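Tertiary structure, described
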Amino acid sequence: MASSSYSNSPCAACKFLRRKCMPDCIFAPYFPPEEPQKFANVHKIFGASNVSKLLNEVQPHQREDAVNSLAYEAEARIKDPVYGCVGAISVLQRQVIRLQKELDATNADLIRYTCNEMTTLHDGRRIGEASSTFSQSPSAYYYPSPWNNDPCAGDAGFHRGGGNHM
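Residues numbered from 1 in each chain as written. Predicted model: local features only at pLDDT ≥ 70, side-chain atom pairs only at ≥ 80, totals over all residues. Heavy atoms only, no water.

In the nomenclature of an unreviewed UniProt entry, the chain is known as LOB domain-containing protein of Arachis hypogaea. For the record of the chain, the UniProt heading Sequence similarities (unreviewed entry) holds the text "Belongs to the LOB domain-containing protein family." (UniProt positions renumbered as here; feature names shortened; annotations may be inferred.)

Right, dumping it as structure tokens:
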């Protein structure tokens, strides 16, 4: 919980509402005097009465999370009155989709590169060649697996279809 000194200065809510901050003020633990904009945003979007009702209905251990959610949504609504935090979520979802596509393309390129290296090694043209003046490439140490788990083999080695294979 955020700390508020009840005797020194009123909480941000009471100061904003121009009322005396009582020791049992529902807002004081969550809207400290050093964060006046937090309450101003929440009040502008939700109203002090609604926030007070909500805080009284929520379990005490959940109030801080509720206030943080209200503050986040209020700030998002002020920045984007139409979409609020849903707009931010949509932007992040599109970014995740774009990055996932980029990752998939990079993984495909990596598999394609690895398969080309393995094919070259199977042909015997690259074994023993140095990739730089300092050391051999890691693919120069490749030995084909007898268990057919070669990513370049495609579906080879895997039996598909129905039936009992046990």
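1. Overview of the overall build of the chain
Secondary structure assignment for the chain yields five helices and zero strands. When its helices and strands are written in sequence order, the chain yields α-α-α-α-α. For the chain, long-range pairs separated by at least 24 residues make up 46% of all intrachain contacts whose partners lie at least 6 apart in sequence. Accessible surface computed for the chain: about 12,200 Å², of which carbon and sulfur atoms make up 56%. (Helix = DSSP H or I, 4+ residues; strand = E, 2+ residues; numbered from the N terminus. Contact = heavy atoms within 4.5 Å. Areas by Shrake-Rupley, 256 points an atom, 1.4 Å probe, with all protein chains shown as cover.)

2. Regarding the packing of aromatic side chains
According to the stated counting rule, one finds four aromatic pairs in the structure shown. Seen in terms of ring centroids, F16 and F39 are 5.7 Å apart; in terms of plane orientation they differ by 70°. Their pairing is edge-to-face. Of this pair, F16 sits in helix α1 (residues 12-17) while F39 sits in helix α2 (residues 36-46), and the two are 23 residues apart along the sequence. The partly exposed category is assigned to F16, whose relative accessible area is 40%. Aromatic pair F31 and F39: ring centres 5.2 Å apart, planes at 80°, arrangement edge-to-face. With respect to burial, F31 and F39 carry one shared label: buried. In textbook terms, an aromatic cluster arises when at least three aromatic residues are bridged by ring pairs, as seen for F16, F27, F31 and F39. Between K38 and the ring centre of F31, over which it is positioned, the NZ or CZ distance is 5.7 Å. (Phe/Tyr/Trp six-rings, centres within 6.5 Å; stacked < 30°, edge-to-face > 60°. Buried < 20%, exposed > 50% of the residue type's maximum accessible area, 1.4 Å probe, protein only. Lys NZ or Arg CZ within 6 Å of the ring centre and 35° of its normal.)

3. Some remarks on the side chain of K38
With respect to the helices, strands and loops of the structure, K38 is situated in helix α2. From its side chain, K38 meets the backbone oxygen of Y30 in a polar contact 3.2 Å long. (Polar contact = N/O pair within 3.5 Å; in protein donor to acceptor, adjacent residues only side chain to side chain.)

4. Focus: the nonpolar core
Ranked by size, the top nonpolar core spans 20 residues in total, and within it C11, F27 and F31 carry the most contacts. In terms of residue count, the dominant contributor to this core is helix α4 (residues 63-79) (four residues). Excluding anything up to four places from it in sequence, F27 contacts C11, A13, R19, F39, A48, V51, S52 and L55. (Core = buried A, V, L, I, M, F, W, Y, C linked by side-chain atoms within 4.5 Å.)

5. What about the pattern of salt bridges?
Evaluated as defined, the whole model comprises five salt bridges. Residues R77 and E73 are paired through a salt bridge, measuring 3.0 Å at the closest nitrogen-oxygen approach. Remark: E73 and R77 occur in helix α4; sequence separation between them is four residues, near one turn of the helix. The class of R77 is partly exposed, set by a relative accessible area of 27%. Two residues, R112 and D109, come together in a salt bridge whose shortest N-O distance is 2.3 Å. Of the two residues, R112 and D109 are both situated in helix α5 (residues 85-123); the distance of three residues between them amounts to about one turn of the helix. Among the residues examined, D109 registers a relative accessible area of 43% and is labelled partly exposed. (Salt bridge = Lys/Arg side-chain N within 4 Å of Asp/Glu carboxyl O.)

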